[in-house]
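The chain contents come next:
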Amino acid sequence: MATAADYGHNSWELSIQVDQREGDEGMKFKLRVKGDLHIGGLMLKLVEKIKAPQDWSDHAIWWEKKSCWLLKTHWTLDKYGVQADADLRYTPQHKPLCIQLPNMKTVRLPVSFSCVVFKAVAEICKALNIRRSEELSLLKPPDDPKKKKKKDKGTESAFDDILNMDMAGGIYCSLGLYSKTMTPTYDPDSGSPASSTSLWFGENPLMACQPNLPPEELAKLFKPLTLEDKAAINAGWLDSSRSLMEQGIQENDRLLLRFKYHSFFDLNPKYDAVRITQLYEQARWAILLEEIDCTEEEMLMFASLQYHICKLTLSTEPLTNSNEPDIDEVEAALSNLEFTLEGRNPDKILRLTLKPYKEYWFVFRDTTISYYKNKESANKEPIEQLHLRGCEVIPDVNVTEKKFGLKLLLPAADGMNEVYIRYDNETQYAKWKAACILASKGKTMAYSSYRTEVKNIQSFLQMKSLAPPPECRVLRFSPIYLFWHCFATREKKSFLFFSFQLTTRILEALHNISQLSLMEAKMRFIQAWQSLPEFGIKYYIVRFRGSKKDELLGISYNKLIRIDMSTGLPVTTWRFSNMKQWNVNWEIKQVTIDFDQSVSIAFSCQSCDCKVVHEYIGGYIFLSTRSKDQNETLREELFHKLTGGQD
């Protein structure tokens, strides 16, 4: 038998708080343990001592002081470093969380607080029937400066309704979204859900668009009007490689579920009803809250689209997903052959204008644009050749002013070179833009999708045109002035005086989209959002190596932008495609990125932890590796390898 001294030397009393049910303060138990006791054995001894008829399978041990979960049940207390002064907590891993969706409505559902956020978001998206969960993440709500000065009880009155989703047997079921016995199946080739999978979900309330807010309610919401405000919001993204509890999130806390990465893969109207609706809502609120700038013409287009979507949403008539006919394979093959034969047609040689409005003779061949002094010198050496592979194509269009142009960002050693090209008419613009887009991907006009791309661009231009045909010019006044008020920018103080004229212009714009189905209208709205110059850019306050002042770093799906904070103008642009490697010095919190041709930049983050920026860059690199043949399987290890770094 062991002596009293040996007993005291080899074992000690460990205090553990047990959370049994939601809202309980918990009870404390003391167990006498030894250092070689593994975590699984500790939980078994604890459950035996509690003697409560309850399912403990979801419980795990949380170490508050170290802010970590003890999930490796085969590890011993000594290996974890647990000693007598450790204050442990035996608590459920799944806890209720209030999640505000992109449509500003809140759902309350149990979420894993022990797995990393990347997995937790995948769990949430599965419950909500949102594919491609890697595009979303959780964001802490921004602090509204107005609330700090004066608490306004009615500020969030429009979003107080919370939709509760309970968990039974580990499956979310209160909305009828998932069955306990069924697992959604996906087509191995296309990666789309099988038809039966979609039927399981039935009428999903998350597919419905939300009505417009009255102007007085909209005015109460926080609007990030400056780039510094936007940088503060983007600092709130949670770390995808750590759990919610490790980041200080408690049960019933409120977080925002948002599309973090603006690289939307395989948007399929037949299977992505919820995903497209929530994406449309995020785009709509980005415009309403002025998170992204729009011209008046663009705002009229968004206003008409939203009015059409709201009208169709309230309609009781059944709506089809798409009116587009299936593409015949033989027709596609003939089209491919036709453009192969026409690859050197003289019609492809067009006269364009290079900013600042100096005329040259342009020739587009393969993936290169060559320009000459005039048509007669086209057989000689060109003034310059623009190689479009890897370039970025940005529209510079104003339909009402008959302005059709493109801004080409061409890869260069020290960043990106900007070239502005203007066109005579929309037909010329559509053909050249389609050619430039294909060339940026290494494809020529002989590619089979060229004709479809041209038609899509022409259709988009028609939608932006506000002038209806003569037979449609007699319009009746419709009381949607409140709707336009939602889109009126803060500079338009004299809105009421112009409400009739603005409403008429919105109704005129409706003529071009009146035949769109609900899903097609949402997709058009998303496409129009994607065409905005500032689309997808997230801002962070940084300080570049060698600089003594703070600057802004803009991160988009394919580039990094150095921005002057005082003027808001871009200084330098670097493409991800030219990136060789990036890493973080975690001691001094500095991000270093190496590009081709020995170009290197380094910066420290001022508005957030450098891990947030590091994850954004790695996340976009990860998304660029996706392909349809991967089915729905997420390569989580690769994601964490690209985004995690070394803490």
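The name that an unreviewed UniProt entry assigns to the chain is Fermitin family homolog 1-like, with the source organism given as Sinocyclocheilus anshuiensis. Reading the Sequence similarities (unreviewed entry) entry of the UniProt record for the chain gives the comment "Belongs to the kindlin family."

So what's going on with the overall build of the chain? Which residues, and what values?
What the chain contains, in helices and strands, is 18 helices and 26 strands. Burial analysis of the chain (647 residues in total) assigns 50% to the buried set. Here the analysis covers contacts within the chain between residues at least 6 apart in sequence; of these, 62% occur between residues at least 24 apart.

I'd like a description of the pattern of salt bridges, backed by residues and values.
Counting across every chain of the model gives 20 salt bridges. Between Arg131 and Asp266 there is a salt bridge, with its nearest N and O atoms 3.3 Å apart. Of the two residues, Arg131 is situated in the loop between α4 (117-128) and β8 (136-139) and Asp266 in the loop between β12 (254-259) and α9 (273-288); the sequence distance between them amounts to 135 residues. In this structure, Arg543 engages Asp550 in a salt bridge whose closest nitrogen and oxygen atoms are separated by 2.9 Å.

Describe in detail the pairing of strand β6 (residues 94-100), supporting the description with residues and values.
Counting buried positions over the seven residues of β6 gives six, a clear majority of the element. With seven bridges connecting them, β6 and strand β7 (residues 106-112) associate as antiparallel partners. Of the residues in β7, the one forming a bridge with Pro96 is Pro110. Hairpin geometry of β6 and β7 is characterised by an intervening segment of five residues between the two adjacent antiparallel strands and by a positive phi of about 75° at Met104. The pairing of β6 with β12 spans three bridges and is parallel. By the bridge assignment for β12, Cys98 is matched with Arg254.

Explain unusual backbone geometry to me, using residue names and the numbers behind them.
For residues that are not glycine, phi is negative in most cases, and the peptide bond is trans in most cases. The phi angle at Ser67 is positive, at roughly 55°, despite the residue not being glycine. Considering the arrangement of structural elements, one finds Ser67 in the loop between β3 (59-63) and β4 (68-70). On the basis of relative accessible area, Ser67 is assigned to the partly exposed category, the value being 27%. Backbone geometry at Ser598 places phi at a positive 60°, although glycine is not the residue there. Tracing the backbone through its elements, the reader meets Ser598 in the loop between β25 (590-595) and β26 (599-605). Take Ser598: its relative accessible area is 75%, and that puts it in the exposed class.

Just give me the short version of the packing of α9 against helix α16 (residues 518-530), but keep the residues and values in it.
Their axes nearest at 9 Å, the elements α9 and α16 cross at an angle of 45°. Taken together, the axes of α9 and α16 lie oblique to each other. For the element pair α9 and α16, the recorded crossing hand is left-handed. Between α9 and α16, the residues in contact are Ala273, Ile276, Thr277, Leu279, Tyr280, Ala283, Arg284, Ala286 and Ile287 and Met519, Lys522, Met523, Phe525, Ile526 and Trp529, respectively. Taken together, the residues of the contact of α9 with α16 sort by class into 12 nonpolar, one polar and two charged.

Which residues make up the packing of aromatic side chains, and what are the values?
Across all of its chains, the model carries 26 aromatic pairs by this definition. Aromatic pair Tyr360 and Tyr371: ring centres 4.9 Å apart, planes at 65°, arrangement edge-to-face. Here Tyr360, found in strand β14 (residues 358-365), pairs with Tyr371, found in strand β15 (residues 368-372); they are 11 residues apart in sequence, far enough to count as distant. By the burial criterion, Tyr360 is buried, and Tyr371 matches it. An aromatic cluster of at least three residues, connected via ring pairs, comprises Trp237, Tyr261, Tyr540, Phe576, Tyr616 and Tyr620. In this arrangement the basic side chain of Lys260 is found over the ring face of Tyr616, its NZ or CZ atom lying 5.0 Å from the centre. Seen from the ring of Tyr447, Lys443 lies directly overhead, with NZ or CZ sitting 5.2 Å from the centre.

Residue-level account of the sheet that holds β8, with values.
Pairing within the open sheet is mixed, and its five strands lie in the order β8-β12-β6-β7-β9. Each edge of the open sheet carries a strand with a single partner, namely β8 and β9 (162-164). Strand-to-strand twist in this sheet, taken as the mean axis angle between neighbours without regard to direction, amounts to 40°.

Which residues make up α4, and what values go with them?
For α4, built from 12 residues, the straight-helix expectation of 16 Å at 1.5 Å per residue is met to within 8% by its first-to-last C-alpha distance of 16 Å. Asn129 sits one or two positions beyond α4 and adopts a positive phi of about 65°.

An account of helix α2 (residues 39-50) is requested, with residue identities and associated values reported.
With 12 residues, α2 should cover 16 Å at 1.5 Å per step; its first-to-last C-alpha distance of 17 Å lies within 8% of that length. Regarding α2, the residues found buried are Ile39, Gly41, Leu42, Met43, Leu46 and Ile50. Residues of α2 that are buried sit in contact with β1 (11-18), β2 (27-34), β3, β4, α3 (77-80) and β5 (87-92). Looking one or two residues past α2, Lys51 carries a phi angle of roughly 55°, positive in sign.

Please give an account of the nonpolar core that cites residues and values.
Across soluble globular proteins, nonpolar side chains have a tendency to be buried as a group. Within the largest apolar cluster, 63 residues are counted, with the highest numbers of intra-cluster contacts made by Ile99, Leu138, Leu244, Leu257, Phe302 and Trp529. Each of domain 1 (11-92) and domain 2 (93-145 + 159-169 + 193-288) gives at least three residues to this core. Contacts of Leu257, omitting those with residues within four sequence positions, involve Ile99, Gln100, Leu101, Pro102, Val121, Ile124, Leu128, Leu136, Ser137 and Leu138. Judged by nonpolar contacts, the second largest core, of 38 residues, contains Tyr261, Leu553, Ile601 and Tyr616.

What counts, and where the lines are drawn
Residues numbered from 1 in each chain as written. Predicted model: local features only at pLDDT ≥ 70, side-chain atom pairs only at ≥ 80, totals over all residues. Heavy atoms only, no water. UniProt positions renumbered as here; feature names shortened; annotations may be inferred. Helix = DSSP H or I, 4+ residues; strand = E, 2+ residues; numbered from the N terminus. Buried < 20%, exposed > 50% of the residue type's maximum accessible area, 1.4 Å probe, protein only. Contact = heavy atoms within 4.5 Å. Salt bridge = Lys/Arg side-chain N within 4 Å of Asp/Glu carboxyl O. Pairing = 2+ DSSP bridges. Axes fitted to C-alpha atoms, helices over the stretch in contact; angles between N-to-C directions. Parallel < 35°, antiparallel > 145°, perpendicular 65-115°, else oblique. Left-handed = near helix turned anticlockwise from the far one by under 90°. Nonpolar A, V, L, I, M, F, W, Y, C, P; charged D, E, K, R; others polar. Phe/Tyr/Trp six-rings, centres within 6.5 Å; stacked < 30°, edge-to-face > 60°. Lys NZ or Arg CZ within 6 Å of the ring centre and 35° of its normal. Expected span 1.5 Å × (residues − 1). Core = buried A, V, L, I, M, F, W, Y, C linked by side-chain atoms within 4.5 Å. Domains from an automatic or database assignment.

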